Amino acid sequence: RTPSYLYIGQDKYLANMRHSPEYGVTFLHLLSEDVYLNDIKNVFTPLLIFLALLIVFLLLIAIGGASYFYQPVSILNHAMRQVAARNLSFRIKEQRQDEYGLIYEGFNSTVSEVESLITHLTNEQLLNKEATIHLLQEQMNPHFIYNTLETIYSLSELGRIEDVSTVTRAMSDF
């Protein structure tokens, strides 16, 4: 049977009745509402406190875990932005002994290699330009000498001896 409530004066009781056919007796058990509500409070209050502490503990673990993963990713993100801004001398200085440490080392190694390749390419381009200029100068010198001699010859044919002397002096100073 379902328990029912019984009022005696102002007090409320939980009544539970059972009949024993074997003994021919009916048992009536009365439990004061204050007693069983107090028992529930005594169990429920510590349970709520435990659950609140458990939730706080789990939140702290979640925040700590998120920080553990967020900080290294944030460092890598900052480093990548530095390199994207052409700061190829930037390196991640944080030393770690986990997977992030391997990623940091790989990042630093890759940036060093890119920096080295760019320096090498720049030097090669500079050498190539210098070689081109030198080649053009080599081609210009014989042509310059030929034109200068042709000018001296023409000036001497015209009888402009002073001009021949000036051009010859300028050519010897060159």
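That block above? That's the structure.
Here the structure is a predicted model, which means the values were calculated and not measured.

## What to know about the overall build of the protein
The helix and strand inventory of the protein stands at three helices and three strands. The C-alpha atoms of the protein give 50 Å as radius of gyration, which overshoots the globular expectation for 174 residues (16 Å, by more than 25%). Along the longest, intermediate and shortest principal axes, the C-alpha atoms of the protein span 160 × 35 × 25 Å. Buried residues in the protein amount to 14% of all 174 residues. Element-wise, carbon and sulfur atoms account for 63% of the exposed surface of the protein, whose accessible area totals about 14500 Å². Computed over 12 positive and 19 negative side-chain charges, the separation of the two mean positions in the protein equals 14 Å.

## Overview of the sheet that holds strand 1 (residues 4-8)
Strand order in the open sheet formed by three strands is 1-2-3, with antiparallel pairing between adjacent strands. Two strands in the sheet have a free side with no partner beyond their single neighbour: strand 1 and strand 3 (25-32). Averaged over neighbouring strand pairs, the angle between their axes works out to 40° when direction is ignored. Sheet topology places strand 2 (residues 11-20) next to strand 3; eight bridges connect them, and they run antiparallel. By the bridge assignment for strand 3, Leu 14 is matched with Leu 31. The strands touched by helix 1 (residues 33-84) within the sheet are strand 1, strand 2 and strand 3, with strand 3 carrying the most contacts at an inclination of about 60°.

## Observations concerning the pattern of salt bridges
Evaluation of the coordinates by the stated rule reveals five salt bridges. Across the salt bridge formed by Asp 98 and Arg 96, the nearest N and O atoms sit 2.7 Å from each other. Assigned by exposure class, Asp 98 and Arg 96 land together as buried. Between Arg 160 and Asp 163 there is a salt bridge, with its nearest N and O atoms 2.6 Å apart. Arg 160 sits in the partly exposed class, given a relative accessible area of 42%. The network of salt bridges with common partners includes Glu 94, Arg 96 and Asp 98.

About the cut-offs
- Residues numbered from 1 in each chain as written.
- Predicted model: local features only at pLDDT ≥ 70, side-chain atom pairs only at ≥ 80, totals over all residues.
- Heavy atoms only, no water.
- Helix = DSSP H or I, 4+ residues; strand = E, 2+ residues; numbered from the N terminus.
- Rg over C-alpha atoms; globule rule 2.2 N^0.38 Å.
- Buried < 20%, exposed > 50% of the residue type's maximum accessible area, 1.4 Å probe, protein only.
- Areas by Shrake-Rupley, 256 points an atom, 1.4 Å probe, with all protein chains shown as cover.
- Lys, Arg positive; Asp, Glu negative; His and termini not counted.
- Charge placed at Lys NZ, Arg CZ, Asp CG, Glu CD.
- Pairing = 2+ DSSP bridges.
- Axes fitted to C-alpha atoms, helices over the stretch in contact; angles between N-to-C directions.
- Contact = heavy atoms within 4.5 Å.
- Salt bridge = Lys/Arg side-chain N within 4 Å of Asp/Glu carboxyl O.

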